[in-house]
Amino acid sequence: MLHPDRLFPPDPTERAVARRLFRLVESLPIVSPHGHTDPAWFARNEPFPDPANLLIVPDHYIFRMLYSQGLPLESLGVRPLDGSPFETDPREIWRRFAAHYYLFRGTPTRIWTDWVLHSVFDISERLNEESADRIYDRMEEHLAREDFRPRALFERFNIETLATTESPLDDLSHHEAIRRSGWPGRVITAYRPDPVVDPEFEDFAGNVARLGALTGRDTQTWRGYLAAHRERRAYFKSFGATSTDHGHPTARTADLSQGEAEALFRKIMSGDFSAEDAELFRAQMLTEMARMSLDDGLVMQIHPGSFRNHSKRLFARFGRDKGADIPMRTGYVRELKPLLDAFGHEPALTIIVFTLDESTYSRELAPLAGVYPALRLGPAWWFFDSPEGMRRFREQTAETAGFYNTVGFNDDTRAFLSIPARHDVARRMDCAFLARLVADRRLDEDEAAEVAVDLAYNLVKKAYRL
Amino acid sequence: MLHPDRLFPPDPTERAVARRLFRLVESLPIVSPHGHTDPAWFARNEPFPDPANLLIVPDHYIFRMLYSQGLPLESLGVRPLDGSPFETDPREIWRRFAAHYYLFRGTPTRIWTDWVLHSVFDISERLNEESADRIYDRMEEHLAREDFRPRALFERFNIETLATTESPLDDLSHHEAIRRSGWPGRVITAYRPDPVVDPEFEDFAGNVARLGALTGRDTQTWRGYLAAHRERRAYFKSFGATSTDHGHPTARTADLSQGEAEALFRKIMSGDFSAEDAELFRAQMLTEMARMSLDDGLVMQIHPGSFRNHSKRLFARFGRDKGADIPMRTGYVRELKPLLDAFGHEPALTIIVFTLDESTYSRELAPLAGVYPALRLGPAWWFFDSPEGMRRFREQTAETAGFYNTVGFNDDTRAFLSIPARHDVARRMDCAFLARLVADRRLDEDEAAEVAVDLAYNLVKKAYRL
Amino acid sequence: MLHPDRLFPPDPTERAVARRLFRLVESLPIVSPHGHTDPAWFARNEPFPDPANLLIVPDHYIFRMLYSQGLPLESLGVRPLDGSPFETDPREIWRRFAAHYYLFRGTPTRIWTDWVLHSVFDISERLNEESADRIYDRMEEHLAREDFRPRALFERFNIETLATTESPLDDLSHHEAIRRSGWPGRVITAYRPDPVVDPEFEDFAGNVARLGALTGRDTQTWRGYLAAHRERRAYFKSFGATSTDHGHPTARTADLSQGEAEALFRKIMSGDFSAEDAELFRAQMLTEMARMSLDDGLVMQIHPGSFRNHSKRLFARFGRDKGADIPMRTGYVRELKPLLDAFGHEPALTIIVFTLDESTYSRELAPLAGVYPALRLGPAWWFFDSPEGMRRFREQTAETAGFYNTVGFNDDTRAFLSIPARHDVARRMDCAFLARLVADRRLDEDEAAEVAVDLAYNLVKKAYRL
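Model, not experiment: these values are computed from the prediction.

Concerning the overall build of chain A
Phase 1 of the analysis: Counting secondary structure elements, chain A contains 20 helices and 9 strands.
Phase 2 of the analysis: In summary, chain A has a C-alpha radius of gyration of 22 Å against a globular reference of 23 Å for 466 residues, a match within 12%.
Phase 3 of the analysis: For chain A, the residues scored as buried account for 67% of the 466 residues in total.
Phase 4 of the analysis: In chain A, once contacts between residues fewer than 6 apart in sequence are set aside, the share between residues at least 24 apart is 76%.
Phase 5 of the analysis: Positive and negative side-chain charges of chain A, numbering 60 and 71 respectively, have mean locations separated by a distance of 0 Å.

Here we look at the domain arrangement of chain A
All names here are of chain A.
Phase 1 of the analysis: Partitioning chain A into domains gives domain 1 (12-47 + 146-463) and domain 2 (48-145).
Phase 2 of the analysis: Using only C-alpha atoms to locate each centre, domain 1 and domain 2 end up separated by 28 Å.
Phase 3 of the analysis: Opposite the 36 residues of domain 1 that make contact, domain 2 presents 31 residues.
Phase 4 of the analysis: Between domain 1 and domain 2 lies a buried interface of about 2800 Å² when both sides are counted; carbon and sulfur atoms form 66% of it.
Phase 5 of the analysis: Arg317 is paired through a salt bridge with Glu74; the nearest N and O atoms lie 2.5 Å apart.
Phase 6 of the analysis: The tally of links from domain 1 across to domain 2 stands at 8 residue pairs in polar contact (both at pLDDT 80 or more).
Phase 7 of the analysis: Elements with a minimum of two residues in the side of domain 1 that touches domain 2: α8 (150-156), α15 (312-318) and α19 (419-439).
Phase 8 of the analysis: The dominant element in the side of domain 1 that touches domain 2, judged by the number of residues it contributes, is α15, at 5 residues.

Side note on the relation of the copies chain A and chain C
Phase 1 of the analysis: Least-squares fitting of chain A to chain C yields an RMSD of 0.0 Å, with the superposition described by an axial translation of 0.0 Å and a rotation of 120°. In short, the pair behaves as if placed about a three-fold rotation axis.
Phase 2 of the analysis: The fraction of interface residues of chain A whose copies in chain C are also interface residues is only 7%, indicating that the copies meet through different surfaces.

Some details on the sheet that holds strand β4 (residues 243-246) of chain A
One key point about sheets: their strands pair by backbone hydrogen bonds, in either a parallel or an antiparallel sense.
Residues and elements named next belong to chain A.
Phase 1 of the analysis: Taken together, the 4 strands give an open sheet; going across it, the order is β4-β5-β8-β9, and neighbouring strands pair in parallel fashion. The open sheet has two edge strands with one neighbour each: β4 and β9 (375-377). Within the sheet, the average angular offset between the axes of one strand and its neighbour, ignoring direction, is 25°.
Phase 2 of the analysis: The pairing of β4 with strand β5 (residues 299-302) spans 4 bridges and is classified as parallel. What sits directly across from Asp245, in β5, is Gln301.

Here's the deal with the pairing of strand β2 (residues 159-163) of chain A
Residues and elements named next belong to chain A.
Phase 1 of the analysis: Of all 5 residues in β2, 4 are buried; the element is thus mostly enclosed.
Phase 2 of the analysis: Examined bridge by bridge, β2 and strand β3 (residues 187-188) share 2 bridges and lie parallel to one another. Across the sheet, Ala163 pairs through a bridge with Ile188, a residue of β3.

Overview of the relation of the copies chain C and chain B
Phase 1 of the analysis: Between chain C and chain B, the superposition needs a rotation of 120° and an axial shift of 0.0 Å, giving an RMSD of 0.0 Å.
Phase 2 of the analysis: The residues that chain C uses at the interface reappear at the interface of chain B in only 7% of cases, marking distinct surfaces.

Quick notes on helix α1 (residues 12-25) of chain C
Phase 1 of the analysis: For α1 of chain C, with 14 residues, the first-to-last C-alpha span of 20 Å sits near the 20 Å given by 1.5 Å per residue.
Phase 2 of the analysis: For α1 of chain C, the full list of buried residues reads Glu14, Arg15, Val17, Ala18, Leu21, Phe22 and Val25 of chain C. Buried positions in α1 of chain C, seen along its axis, are confined to an arc of 165° and lie on one side of it. Opposite its buried face, α1 of chain C presents the exposed residues Pro12 and Arg23 of chain C, each directed more than 90 degrees away.
Phase 3 of the analysis: Tucked into the core, α1 of chain C has its buried residues touching α19 of chain A together with α19 (419-439) and α20 (445-463) of chain C.
Phase 4 of the analysis: Sitting at the head of α1 of chain C, Asp11 of chain C places a side-chain oxygen 3.1 Å from the backbone nitrogen of Thr13 of chain C.

Overview of the interface of chain C and chain B
The parts lose accessible area when they come together, and the size of an interface is often stated as this lost area.
Phase 1 of the analysis: Chain C puts 44 residues into the contact, and the matching count from chain B is 48 residues.
Phase 2 of the analysis: Taking both sides of the interface into account, the surface hidden between chain C and chain B amounts to around 4100 Å²; carbon and sulfur atoms contribute 52%.
Phase 3 of the analysis: Summed over the three residues of chain C that lose the most area to chain B, namely Arg363, Glu399 and Arg442 of chain C, the buried surface amounts to 18% of that side.
Phase 4 of the analysis: Run the count over chain C and chain B and you get 8 salt bridges.
Phase 5 of the analysis: A salt bridge links Asp444 of chain C to Arg126 of chain B, with the shortest nitrogen-to-oxygen separation between them at 3.0 Å.
Phase 6 of the analysis: Our count for the chain C to chain B interface comes out at 28 residue pairs in polar contact (both at pLDDT 80 or more).
Phase 7 of the analysis: Every element with two or more residues in the side of chain C that touches chain B is listed here: α16 (337-343), α17 (359-369), α18 (387-401), α19 and α20 of chain C.

A short note on the packing of aromatic side chains
Phase 1 of the analysis: Inspection of the entire model under this criterion finds 96 aromatic pairs over all chains.
Phase 2 of the analysis: Centre to centre, the rings of Phe265 of chain B and Phe281 of chain B are 6.0 Å apart; their planes meet at 35°, and the pair counts as tilted. Within this pair, whereas Phe265 of chain B is found in helix α13 (residues 258-269), its partner Phe281 of chain B is found in helix α14 (residues 275-296), the two being separated by 16 residues in sequence. In this pair, the class of Phe265 of chain B matches that of Phe281 of chain B, namely buried.
Phase 3 of the analysis: When the ring of Phe154 of chain C is compared with that of Trp183 of chain C, the centres are 4.9 Å apart and the planes differ by 75°; the resulting orientation is edge-to-face.

Observations concerning the sheet that holds strand β9 (residues 375-377) of chain C
All names here are of chain C.
Phase 1 of the analysis: The strand order β4-β5-β8-β9 describes an open sheet built from 4 strands, whose pairing is parallel. Looking at the sheet topology across the chains shown, the edges are occupied by β4 (243-246) and β9. Strand after strand, the sheet turns through a mean of 25° between neighbouring axes, direction not considered.
Phase 2 of the analysis: Pairing of strand β8 (residues 351-353) with β9 involves 3 bridges; the strand directions are parallel. By the bridge assignment for β9, Val353 is matched with Leu377.
Phase 3 of the analysis: Contacting β4 and β5 (299-302), helix α14 (residues 275-296) crosses the sheet at an angle of about 160° to β5.

Scoring rules and cut-offs
- Residues numbered from 1 in each chain as written.
- Chains lettered and ligands numbered in written order.
- Predicted model: local features only at pLDDT ≥ 70, side-chain atom pairs only at ≥ 80, totals over all residues.
- Heavy atoms only, no water.
- Helix = DSSP H or I, 4+ residues; strand = E, 2+ residues; numbered from the N terminus.
- Rg over C-alpha atoms; globule rule 2.2 N^0.38 Å.
- Buried < 20%, exposed > 50% of the residue type's maximum accessible area, 1.4 Å probe, protein only.
- Contact = heavy atoms within 4.5 Å.
- Lys, Arg positive; Asp, Glu negative; His and termini not counted.
- Charge placed at Lys NZ, Arg CZ, Asp CG, Glu CD.
- Domains from an automatic or database assignment.
- Buried area = accessible area lost by both parts, 1.4 Å probe.
- Salt bridge = Lys/Arg side-chain N within 4 Å of Asp/Glu carboxyl O.
- Polar contact = N/O pair within 3.5 Å; in protein donor to acceptor, adjacent residues only side chain to side chain.
- Least-squares fit on C-alpha atoms with pLDDT ≥ 70 in both.
- Pairing = 2+ DSSP bridges.
- Axes fitted to C-alpha atoms, helices over the stretch in contact; angles between N-to-C directions.
- Expected span 1.5 Å × (residues − 1).
- Arc of directions from axis to C-beta.
- Phe/Tyr/Trp six-rings, centres within 6.5 Å; stacked < 30°, edge-to-face > 60°.

Here it is as structure tokens:
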């Protein structure tokens, strides 16, 4: 089911090079510097749930595709907010997925799922309506075993570091529990302040008040608010955090004077602000976060450009994060300028920028990362976390930004079981890209070998200070 | 002249797979759900005109390229509106085309024309200045034969269904004549209401009045206007229509209350409206059309993003559709939201969206089609109806929307003789794309075979309800 | 170090075709119609400076990459404006470059530099920290020789024509000296009027005054200002100029009445104008320049879309052109319309348009060039002057604009030694692209051979009237 040459170029010359390069990186430990796994798994180390609730119900890549072809989300186990009925039999959910598995042909979900079935559950037949029950039984059987618990899989997956993502309002109790447990797996957190930085976030005012309560700072004042951030960042650092993450609608930044910023903060806190005020506040906060990063060394990640919850109906019925986030055209040249003018020249600062707008790879992002010392390019993200997406990323960035202004791979996932599959795809696609450069003599193979190892392992550790 | 492996990847492994896949789809009937052939051809079944007036004078792909290189349109038989002289000798026109045929190297026109010469007219030499007359003679000879009349070619081309496109003001007399003739060829119409929906269309007010006259409805009122649309749609359905088509400048939609819509309609009908009013009216009408589609089952097509008649001079001298339509940057995420919020969740509705802005394939269109049940992606269109265009379409949409949110191929042409050539290119390029997925082990060959047949035949029938 | 098959496709069938095509163009003379070499080199024919001051200090491709990875520009020999210290030992600069040469893996700089080391300096070892000194010594030795002087290299490089770029305020004394010297190398100028056309250029008012002084025209009046342009254009023509060049921020054009233009000019000259006035003036001047081109036959080049001097800090410390120019999203469809409506139909006019926004290749530029007789597409430019950039250019333009609406290659460089390397890359990539069309049977090889020669030699001479 998993061919050893999968994703390698078919041309025999290129393929042979790709194989040799891949051999060097295949078994390197996994470093996962940004993602959304649940730290409770590793804190509690309880068995994972049934196959459907493990793989389908929480995976928006999967249920969005099934929904797009007419299956109600309720039939896939997604719970309506209003208490309406929904499918609760995991076997039924699994069968629906299996019967429609052909829809995923050509998608990364197909690649990841095949890998999970084969490499985690040792299944060698193809998933379809006919095999659904057999495969379900087999998975259930495995999931009950000790060696399928979260920590055992973490070790089996050869994960060196795994970062989760938490709000400043999170008490990090799961991370504390992991630490207290004595288990040596390195699960670290990352600081994602959107709920207390974005004035348009649900219950922003309440969140800022809670931030005050947590830190004992007066977050109704600009100084107190900033101090509270500094404090929570330090707390996150004490649980291993080496980075922050910012999921803003745009890449806009601002560099107001502290007087202007304070006035804007007061306006925001009054609750009487415009959409433009909110945007400007988010913009200013990116610069404030960079200023703090210069002090505490946390690496900044900016993930802009998603129109969240695009479907009014899905949002009303099921809430956030139901697969209806859609990329938007995103600008970087003017948007990042205030931040870059302030701190872009600082080699001690690292700002990793991502995009959902591939037209910016070669036009904006590679040229910016190819000049500003503080700037690095995050890998192909979300809808582009796929073989073709990764290929386009390298083709459109390497010539201007090189390889060394990029930061290795991010799996950015909550689907823990698929993490090795995602790194496997990234490593294969990078080896395939390098093999092409070797085959058409743009690079010697010994250099390509160095780059392959850097892309799979060294760059991520360096960029994220791990 | 036509190599059996044309457009297949050169790598022997991929090529072998592509060949095997193509063998499965090569002889499938042609389903052409959207295009601009003239129903009069099949109603009257008269011989086609001479080679120049058949292939060059009406083909904007051809005369725009020759014009771009300095040949006056008059010299190619295009008639100036002011009665100025133009070339009327078809042999002279043909010779000019032949002498400049090298300009089409690397373009789809070259591929289509070679196919027509070879497969329709059994010509095996290359077209150039020297061969022009011999080829012209041969074509003229063939065109005089019974088996080169429209219906004979329709049958020889193995066309199962061919849709034409008509205005609501068309009386469909040619379709009626086809039906009355007893000829079993399935030529159906499609409802293209731009002339009575776009306030900026030439003589919009007159068109709306004519719509009233045709239906006996009072199209000066919002209710009467909508009722007239419903009636014409039903009439079009009775002549086989399964779809509507909307060629708006943008993809903007709106979902006004009926009160607001009525007020807007009154403003438009008063003739005293702004460009923004016109845009809003078109936007609202897409939503109205979707509402009607939910009732009568017609599939909606949206073809946005062309700046029509870009050249003031060409438009003044020769009128519309003279090859000077230029794609514009086109947004979908915000633009389609009102329509999608209203009806995007309805699996009973099908909205097929096209684009002339390839930067939206992966950023906007595939993510939207990959979540909304009502949305499907039309194939690579117009300037992208070409090998590289088709390849980019699959590379940029398959990973997010899969294959099953796409709808097979549209030839979208008035060039009847080239229809099989266009479907041949599409089938070859899809097989080539699938062969790559098989060769690098993203798909098994038996699955690729299923997908190939779906892309060539099943998906179009399902999407267009044929 | 330089493999004879470099940049050719690895597939043996394609590679064999690419080799045969390349053999036809490999030794054709270099025609370089647009670039930034210094005419003083050829006027004086003095030895080039040391390796660092020849290859690193003036090359923004090189120092921007090193800077992006944390090396101060001062350490690379770039002189701060305020007189702060900077590295003046060329050997130290060279060593820093060599130690970081791995950063250029996958970039065109790597390809060009390897070519220069190998083909100009006959060096066969790879550049790195260890080999730095040996290579430096070898280069120094060569640079002292007679046959490494500018004119000797010009001849050795087989350059048929080399265009430099000068401001209207330049007295062309170097070109005059070249002419007087009797040396037969064809070094011509080109008219780049930005300093006297762009109201936001440093010291615009002074520049316009100087233009008046130079020509004896009253450049404070619209008529006198235009007459001065006409005069300088004629002067440039007398030194071989066949083209003008316009580096505007956008592609906007305007076609004001002469009354409106005159009023705008007065406003601009008053010094009291808005950014929009400046933009409109630049827009109008493109149309004025086209009008002059219709009279004097100079070919227009438009190079829009660069955000110049993006980094406030680099600009303040080091001045212009320090690698911090970043591409911006650029529109052409509406922007070029006024100019094209005025003169786009004139086959006697040639306007060559470039872009830094690749998303416009297939959406805007190829469709425009594929219809307007006056319009031609410049090759992949600046950040896209690279193998992947060139490949994308052909893939996205050939199907709509064909090959014959393009104009061959521009090296657009000040790095004289790399000119043959750049043309070598362009010729190889074009042959590789053509080889693909031959291999998948879109083109016969004899036709591809013709196209290869046209792309390498004939088209540039025709387009630039050389």
